[in-house]
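Results of the structural survey
Below, each chain spelled out in residue letters.
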Amino acid sequence: MRRAAITGWGDYTPPAVLTNEDLASVIDTTDEWIRSRSGIKERRISHVSNAEMATAAARQALAAADLAAEEMDLIIVATCSPDRAVPSVAAYVQRQLGGLGATMDLNAACSGFVYAMSVANGMIAAGTVERALIIGAERLSSFLDLQDRSTAVLFGDGAGAVVVEATEGPHGLLSSNLHSDGSLTEILTIRGAGTEGVFEAEVPLTVDMEGREVFRNAVTRMSEGAVVAIDNAGLQVEDIDVLISHQANIRIIDATARRLNVDPDTVYTNIHAYGNTSAASIPIALSEALDRGVVSPGDVLAMVAFGGGLTWGALVLRWGDRVERLRTVDHDLPGTEKTGLEVLASRVQGLGI
Ligand code: UT7
């Protein structure tokens, strides 16, 4: 059976750090509250555009696979924070890197990377695509509402990318399971950033979230999705070597792992360092896990995500033989000496610093 196998990976996490203490200096919150309720200690704030982050992660992934952008038949950027409505972030990535393959953005909120992998796998299985670049990239700090402490402390910026190639071998994506419950659109929504905000001045930019409802649904739906995906792959929960969940809240990740009854040692987390980077969180975690030697040849990986929609999804894949990058490249983006708070202050009015 022809399917997608990951042969390259990369990430870009902006250098400007925004700590819990920094946030506590401008809004009514504490490091203790944020850490105990979410597991987040700090997050990154981007001084460059979404497309620049996406391109930086993609460059690394292409080098790791030792492939050129011109060899990509498809670029998908999973994002809900594109720089512009048109063209897509993916088109800008192609503008930077080259090539004439198809480009598109995919918005399934925080489930976007899992969705995009499944879409690419379907196109590979159908024979229309040989190689694709799948990127998760978000600049959610653009939506940060400092008036709302319940959401302002959760999100961060970053990008992760993988190169997938068609394989007939035993490795690659074994199964995927995608769902959405449209009756829950209002429990997690960003208002004022779409066309309603263009025509209706009274629609302010806000992240509206019923945290507890999202939490409850996330745990139930991600574990249900994972069970189905594992079963469809012909495997058991005990076969999972590495579980990478969307990094939204350490309590959600732990509760999902407990519900699934997976060995806690298989769960990879980095939410403490980056917060919730939405569609970027899984590919950043994957890239980091590979570079830290967490993934071994032949390992079975499960990836689970949930997000606004309410969307959710799970992937199960078997890793191939290679867990090292074929080539490495340094990021070529301009750096910044600013802290995360200073980058934010340059965009957010009334921050008072
Ligand atoms: O990618 C998907 C994105 N969304 C999520 O994953 C969100 C899922 N939900 C969650 O992660 C959690 O619900 C939160 C971390 C958002 C909140 O944790 P919680 O344990 O559900 O807290 P809560 O919303 O029930 O709030 C508890 C208290 C409230 O005060 P009262 O009413 O008990 O007096 C809040 O006003 O904590 C207060 N609170 C804060 N206090 C200090 C809310 N935000 C903050 C804050 N600092 N930043």
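Just so it is clear, the model here is predicted, and its values are computed rather than measured.

Remarks on the pattern of salt bridges
- Under the definition given, this model contains 11 salt bridges.
- Where E288 meets R292, a salt bridge forms, and the shortest distance between an N and an O atom there is 3.9 Å.
- On the basis of relative accessibility, which here comes to 10%, the residue E288 falls in the buried class.
- Ionic pairing is found between D291 and R325, a salt bridge with its closest N-O pair at 2.5 Å. Of this pair, D291 sits in helix 11 (residues 281-291) while R325 sits in the loop between strand 14 (311-318) and helix 12 (340-345); the two residues are 34 residues apart in sequence, bridging distant segments of the chain.

Observations concerning the site of the ligand
- Taken together, 22 residues surround the ligand, and among them T29, R37, R212, N249 and N276 come closest.
- With respect to the ligand, the side chain of R212 contributes an N or O atom lying 2.6 Å from an oxygen atom.
- Within the side chain of N276, a nitrogen or oxygen atom sits 2.8 Å from an oxygen atom of the ligand.
- When isolated, the ligand has an accessible area of 950 Å², and the protein chains bury 75% of it.
- Elements with a contribution of two residues or more to the shell around the ligand: helix 2 (31-38), helix 6 (149-152), helix 8 (211-232) and helix 9 (250-260).
- Ranked by residue count, the leading element in the shell around the ligand is helix 8, at 4 residues.

Overview of the sheet that holds strand 14
- As summarised here, the arrangement of the 5 strands in space is 8-14-13-11-12, forming an open sheet in which the pairing is mixed. Because the sheet does not close on itself, it has two edges, and the strands there are strand 8 (172-180) and strand 12 (267-268).

Points about the sheet that holds strand 7 (residues 157-167)
- The mixed open sheet is built from 5 strands, whose spatial order is 1-7-6-4-5. Across the chains shown, the open sheet's two edge strands, defined by having one partner strand only, are strand 1 (3-12) and strand 5 (102-106). Between one strand axis and the next, the sheet turns by 20° as a mean value, whatever way the strands run.
- The strands that helix 11 touches are strand 1, strand 6 (131-139) and strand 7; relative to strand 1, the one it contacts most, it runs at about 90°.

Thoughts on the packing of aromatic side chains
- Counted according to the given criterion, the structure contains 1 aromatic pair.
- On the basis of an interplanar angle of 65° and a centroid distance of 5.9 Å, the ring pair of W9 and W319 is categorised as edge-to-face. Of the two residues, W9 is situated in strand 1 and W319 in the loop between strand 14 and helix 12; the sequence distance between them amounts to 310 residues.
- Exposure remark for W9: the relative accessible area of 1% places this residue in the buried category.

Remarks on helix 2
- Within the sequence span of helix 2, burial applies to D31, I34 and S38. For helix 2, the buried positions fall inside an angular range of 85° around the axis, keeping them on one side.
- Against helix 1 (20-24), strand 3 (42-44), helix 9 and helix 10 (271-274) lie the buried residues of helix 2.
- Directly beyond the C-terminal end of helix 2, a positive phi value near 85° is found at G39.

Some points on unusual backbone geometry
- Of note, the bond from V86 into P87 is cis; its omega dihedral lies within 30 degrees of zero at -5°.
- Along the chain, the position of P87 falls in the loop between strand 4 (74-78) and helix 4 (89-97).
- The omega torsion of the bond from G309 to L310 falls at -5°, within 30 degrees of zero and hence cis.
- In this structure, L310 sits in the loop between strand 13 (300-307) and strand 14.
- Its identity as a non-glycine residue notwithstanding, N261 has a phi of 65°, on the positive side.
- Here N261 shows up in the loop between helix 9 and strand 12.
- With a relative accessible area of 66%, N261 lands in the exposed category.
- With a phi angle near 50°, S278 is a residue other than glycine that sits in the positive phi range.
- Within the secondary structure layout, S278 lies in the loop between helix 10 and helix 11.

Cut-offs used in this document
- Residues numbered from 1 in each chain as written.
- Predicted model: local features only at pLDDT ≥ 70, side-chain atom pairs only at ≥ 80, totals over all residues.
- Heavy atoms only, no water.
- Salt bridge = Lys/Arg side-chain N within 4 Å of Asp/Glu carboxyl O.
- Buried < 20%, exposed > 50% of the residue type's maximum accessible area, 1.4 Å probe, protein only.
- Helix = DSSP H or I, 4+ residues; strand = E, 2+ residues; numbered from the N terminus.
- Near = heavy atom within 4 Å.
- Polar contact = N/O pair within 3.5 Å; in protein donor to acceptor, adjacent residues only side chain to side chain.
- Areas by Shrake-Rupley, 256 points an atom, 1.4 Å probe, with all protein chains shown as cover.
- Pairing = 2+ DSSP bridges.
- Axes fitted to C-alpha atoms, helices over the stretch in contact; angles between N-to-C directions.
- Contact = heavy atoms within 4.5 Å.
- Phe/Tyr/Trp six-rings, centres within 6.5 Å; stacked < 30°, edge-to-face > 60°.
- Arc of directions from axis to C-beta.

Everything listed is a geometric property; what it means functionally is a separate question.
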